[in-house]
Amino acid sequence: MALAAAAAADPRDVPVGAVVFDSSGRELARAANAREATGDPTAHAEVLALRAAARVHGDGWRLEGATLAVTLEPCTMCAGAAVLARVGRVVFGAWEPKTGAVGSLWDVVRDRRLNHRPQVRGGVLESECAAALDTFFRTQRPS
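Our subject in this report is the structure included herewith.

Thresholds applied
Residues numbered from 1 in each chain as written. Predicted model: local features only at pLDDT ≥ 70, side-chain atom pairs only at ≥ 80, totals over all residues. Heavy atoms only, no water. Helix = DSSP H or I, 4+ residues; strand = E, 2+ residues; numbered from the N terminus. Buried < 20%, exposed > 50% of the residue type's maximum accessible area, 1.4 Å probe, protein only. Core = buried A, V, L, I, M, F, W, Y, C linked by side-chain atoms within 4.5 Å.

### Examining unusual backbone geometry
Working step 1: In this structure, Arg86 is a non-glycine residue whose phi angle is positive, near 65 degrees.
Working step 2: When you line up the elements, Arg86 lands in the loop between α4 (76–84) and β4 (89–94).
Working step 3: Taking relative accessible area as the criterion, Arg86 reaches 19% and is therefore assigned buried.
Working step 4: Non-glycine residue Leu125 carries a positive phi angle of around 50 degrees.
Working step 5: Following the sequence through the fold, Leu125 ends up in the loop between β5 (119–121) and α5 (126–140).

Here's what the structure looks like:
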(Lines give C-alpha, C1' and ligand atoms only; values in the text may rest on other atoms or scores of the structure.)
Protein backbone atom coordinates (compact mmCIF):
# COMPACT_ATOMS: atom_id res chain seq x y z
CA MET A 1 0.00 0.00 0.00
CA ALA A 2 2.91 2.35 0.73
CA LEU A 3 4.27 1.61 -2.76
CA ALA A 4 0.90 2.60 -4.24
CA ALA A 5 0.99 5.81 -2.20
CA ALA A 6 4.51 6.55 -3.47
CA ALA A 7 3.36 6.07 -7.06
CA ALA A 8 0.82 8.86 -6.52
CA ALA A 9 3.53 11.43 -5.72
CA ASP A 10 3.80 14.52 -7.87
CA PRO A 11 6.38 13.79 -10.60
CA ARG A 12 8.70 16.42 -9.08
CA ASP A 13 8.68 14.81 -5.62
CA VAL A 14 10.81 11.87 -4.51
CA PRO A 15 8.37 8.92 -4.65
CA VAL A 16 8.10 7.99 -0.99
CA GLY A 17 4.80 6.69 0.29
CA ALA A 18 3.51 6.13 3.82
CA VAL A 19 0.42 4.44 5.22
CA VAL A 20 -0.82 4.39 8.82
CA PHE A 21 -2.84 1.40 10.04
CA ASP A 22 -4.70 1.10 13.33
CA SER A 23 -4.07 -1.82 15.69
CA SER A 24 -6.59 -4.00 13.83
CA GLY A 25 -4.91 -3.38 10.47
CA ARG A 26 -7.47 -0.90 9.15
CA GLU A 27 -5.94 1.85 7.01
CA LEU A 28 -6.28 5.24 8.67
CA ALA A 29 -4.41 7.39 6.16
CA ARG A 30 -1.88 7.37 3.35
CA ALA A 31 0.29 10.02 1.74
CA ALA A 32 3.14 10.61 -0.66
CA ASN A 33 5.97 13.09 -0.41
CA ALA A 34 4.70 16.56 -1.35
CA ARG A 35 7.58 18.95 -0.64
CA GLU A 36 7.88 20.15 -4.22
CA ALA A 37 4.14 20.13 -4.86
CA THR A 38 3.36 22.19 -1.75
CA GLY A 39 6.58 24.12 -1.17
CA ASP A 40 6.59 22.76 2.39
CA PRO A 41 9.88 21.32 3.69
CA THR A 42 7.99 19.21 6.26
CA ALA A 43 5.67 17.61 3.69
CA HIS A 44 7.31 14.19 3.89
CA ALA A 45 4.99 11.24 3.31
CA GLU A 46 5.29 10.08 6.92
CA VAL A 47 4.40 13.46 8.43
CA LEU A 48 1.44 13.92 6.09
CA ALA A 49 0.13 10.41 6.79
CA LEU A 50 0.57 10.79 10.56
CA ARG A 51 -1.29 14.12 10.52
CA ALA A 52 -4.17 12.65 8.52
CA ALA A 53 -4.31 9.51 10.70
CA ALA A 54 -4.46 11.60 13.87
CA ARG A 55 -7.47 13.46 12.46
CA VAL A 56 -9.42 10.24 11.85
CA HIS A 57 -8.15 8.11 14.73
CA GLY A 58 -10.31 9.82 17.33
CA ASP A 59 -7.73 10.03 20.12
CA GLY A 60 -6.23 13.41 19.35
CA TRP A 61 -2.61 13.13 18.34
CA ARG A 62 -1.82 9.77 19.94
CA LEU A 63 -1.61 6.86 17.53
CA GLU A 64 -0.90 4.17 20.10
CA GLY A 65 -0.98 0.71 18.60
CA ALA A 66 -0.79 2.07 15.06
CA THR A 67 1.72 0.98 12.43
CA LEU A 68 3.50 3.41 10.15
CA ALA A 69 4.52 1.68 6.91
CA VAL A 70 6.80 3.63 4.59
CA THR A 71 8.77 2.84 1.45
CA LEU A 72 11.99 4.48 2.67
CA GLU A 73 13.69 4.52 6.08
CA PRO A 74 12.43 7.66 7.85
CA CYS A 75 14.69 10.68 8.35
CA THR A 76 15.21 12.29 11.76
CA MET A 77 12.12 14.50 11.44
CA CYS A 78 9.87 11.60 10.45
CA ALA A 79 11.36 9.20 13.01
CA GLY A 80 10.81 11.85 15.68
CA ALA A 81 7.24 12.39 14.51
CA ALA A 82 6.57 8.64 14.78
CA VAL A 83 7.93 8.61 18.34
CA LEU A 84 5.94 11.70 19.32
CA ALA A 85 2.76 10.25 17.78
CA ARG A 86 3.32 7.12 19.90
CA VAL A 87 2.99 4.70 16.97
CA GLY A 88 3.46 1.11 18.03
CA ARG A 89 5.47 0.00 15.03
CA VAL A 90 7.48 1.41 12.12
CA VAL A 91 7.86 -0.78 9.05
CA PHE A 92 9.91 0.42 6.09
CA GLY A 93 11.25 -0.82 2.78
CA ALA A 94 14.51 0.63 1.50
CA TRP A 95 17.33 1.61 3.83
CA GLU A 96 18.65 5.19 3.59
CA PRO A 97 22.33 5.26 4.61
CA LYS A 98 22.69 9.03 4.04
CA THR A 99 19.79 10.30 6.17
CA GLY A 100 18.08 7.28 7.74
CA ALA A 101 17.17 7.64 11.40
CA VAL A 102 15.76 4.18 12.09
CA GLY A 103 19.03 2.27 12.17
CA SER A 104 21.23 3.49 9.33
CA LEU A 105 22.80 6.85 10.15
CA TRP A 106 20.96 7.36 13.45
CA ASP A 107 18.50 5.31 15.47
CA VAL A 108 16.07 7.86 16.85
CA VAL A 109 13.20 5.43 17.42
CA ARG A 110 15.21 3.13 19.68
CA ASP A 111 16.97 5.82 21.72
CA ARG A 112 16.59 4.68 25.35
CA ARG A 113 16.46 8.30 26.53
CA LEU A 114 13.04 8.75 24.91
CA ASN A 115 9.82 7.82 26.68
CA HIS A 116 8.41 5.89 23.71
CA ARG A 117 10.13 3.42 21.41
CA PRO A 118 8.14 1.74 18.64
CA GLN A 119 9.00 -1.67 17.28
CA VAL A 120 10.90 -1.54 13.99
CA ARG A 121 11.09 -3.78 10.96
CA GLY A 122 13.21 -2.62 8.04
CA GLY A 123 13.86 -4.05 4.60
CA VAL A 124 10.26 -5.09 3.83
CA LEU A 125 9.88 -5.26 0.03
CA GLU A 126 13.27 -3.54 -0.03
CA SER A 127 14.10 -4.18 -3.69
CA GLU A 128 10.69 -2.95 -4.90
CA CYS A 129 10.95 0.20 -2.79
CA ALA A 130 14.52 0.87 -3.88
CA ALA A 131 13.61 0.33 -7.55
CA ALA A 132 11.01 3.11 -7.45
CA LEU A 133 13.59 5.49 -6.01
CA ASP A 134 16.30 4.40 -8.47
CA THR A 135 13.97 5.03 -11.40
CA PHE A 136 13.10 8.49 -10.12
CA PHE A 137 16.71 9.54 -9.57
CA ARG A 138 17.86 8.14 -12.93
CA THR A 139 15.29 10.36 -14.68
CA GLN A 140 16.21 13.38 -12.53
CA ARG A 141 19.96 13.01 -12.99
CA PRO A 142 20.61 11.41 -16.36
CA SER A 143 24.21 10.41 -17.12
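### Some remarks on the nonpolar core
Working step 1: Val16, Val20, Leu50, Leu63 and Val87 are the most contacted members of the largest nonpolar core, which totals 31 residues.
Working step 2: Listed by contribution, the elements that provide at least two residues to this core are β1 (17–21), β2 (27–32), α3 (45–57), β3 (67–72), α4, β4 and α5.
Working step 3: For this core, the leading source of residues is α3, giving five residues.

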